[in-house]
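In case you want the letters, here they are:
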Amino acid sequence: MVFNRGRGRSASLEQHANNVERILSSIGVDPAQARINTRDGYGWSFQHGSALIEIYIAQQDQREYLQVVAPIIHVPMNNLLALYRRLLELNMSLTNAAIGVYQDVVYIFNERPLAGLDANEANFIISQIAGYADDLDNQLVNEFGGRLYTQT
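Residues numbered from 1 in each chain as written. Predicted model: local features only at pLDDT ≥ 70, side-chain atom pairs only at ≥ 80, totals over all residues. Heavy atoms only, no water.

Participant: Before we go on, may I ask you to explain the overall build of the protein in this structure?
Facilitator: The secondary structure content of the protein amounts to four helices and seven strands. For the protein, the C-alpha radius of gyration of 16 Å lies close to 15 Å, the compact-globule estimate for 152 residues. In terms of principal-axis extent, the alpha carbons of the protein reach across some 50 × 30 × 25 Å. Within the protein, the proportion of its 152 residues that are buried is 45%. A separation threshold of at least 6 residues defines the contact pool for the protein, and within that pool the share at least 24 residues apart is 58%. A total of about 8,300 Å² of accessible surface is found on the protein, and carbon and sulfur atoms cover 48% of it. Here the protein carries 11 positive and 16 negative side-chain charges, and the mean point of each set is 6 Å from the other. (Helix = DSSP H or I, 4+ residues; strand = E, 2+ residues; numbered from the N terminus. Rg over C-alpha atoms; globule rule 2.2 N^0.38 Å. Buried < 20%, exposed > 50% of the residue type's maximum accessible area, 1.4 Å probe, protein only. Contact = heavy atoms within 4.5 Å. Areas by Shrake-Rupley, 256 points an atom, 1.4 Å probe, with all protein chains shown as cover. Lys, Arg positive; Asp, Glu negative; His and termini not counted. Charge placed at Lys NZ, Arg CZ, Asp CG, Glu CD.)

Participant: What is the right way to look at helix α1 (residues 11-26) in this model?
Facilitator: For an α-helix the count is 3.6 residues per turn, leaving residues at separations of three or four pointing the same way. For α1, built from 16 residues, the straight-helix expectation of 22 Å at 1.5 Å per residue is met to within 8% by its first-to-last C-alpha distance of 23 Å. Taken together, the buried positions of α1 are occupied by L13, E14, H16, A17, N18, N19, V20, E21, I23 and L24. In this fold, the buried residues of α1 make contact with α2 (31-34), β1 (35-36), β2 (41-48), β3 (51-60), β4 (63-74) and α4 (119-144). In the stretch just after α1, G28 is the one whose phi turns positive, near 85°. (Expected span 1.5 Å × (residues − 1).)

Participant: Teacher, can you tell me more about unusual backbone geometry here?
Facilitator: With the exception of glycine, most residues fall at negative phi, and the peptide bonds are largely trans. Unlike most non-glycine residues, N96 shows phi in positive territory, near 60°. With respect to the helices and strands, N96 occurs in the loop between α3 (80-93) and β5 (98-102). On the basis of relative accessible area, N96 is assigned to the partly exposed category, the value being 39%. With a phi angle near 55°, Q103 is a residue other than glycine that sits in the positive phi range. Inspection of the secondary structure puts Q103 in the loop between β5 and β6 (105-113). We classify Q103 as exposed; its relative accessible area is 67%.

Participant: It is not clear to me how the environment of W44 should be interpreted in this structure. Could you clarify?
Facilitator: Residue placement: W44 occurs in strand β2. In this structure the side chain of W44 is engaged in a polar contact, spanning 2.7 Å, whose partner is the side chain of E21. (Polar contact = N/O pair within 3.5 Å; in protein donor to acceptor, adjacent residues only side chain to side chain.)

Participant: Is there a simple way to explain a nonpolar patch on the surface in this structure?
Facilitator: Together, L80, Y84 and V101 make up a nonpolar patch on the protein surface, roughly 220 Å² of accessible area in all. Residue classification places V101 among the partly exposed residues on the basis of a relative accessible area of 39%. (Patch = residues over 30% accessible without salt bridge, like charges linked within 9 Å, V, L, I, M, F, W, Y side chains within 5 Å. Salt bridge = Lys/Arg side-chain N within 4 Å of Asp/Glu carboxyl O.)

Structure, rendered in structure tokens:
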């Protein structure tokens, strides 16, 4: 799929967006169905196991980047100190990924500048975050309660 460059979207963003679409196709995700509207670039959202994976190719403040983010669980009401300690411990053991909390949701993510990014590395990042998210979401809910992000 070749994108038409929109307002504020560079040829570099377009090239990387095309790479992401090829990667999604190769893992069985229909890129057209996964596309989401973004203001500063391109985005996709798809289900991988029990986890929701979001991918963004964007430009903000003259900086172009790839972001792969997965909201994995809603923070439970109890046992927060133990949960936060576990999240910090997990942060130390993850490779090329980080865990964060925003509002009441725990996320796992990777953000990287587009400079020097090739399709193989993008594929690795997407696969890695998707794998971590699908493994950790159930593990954390079983250990601390709360609910999966994908459960309503």
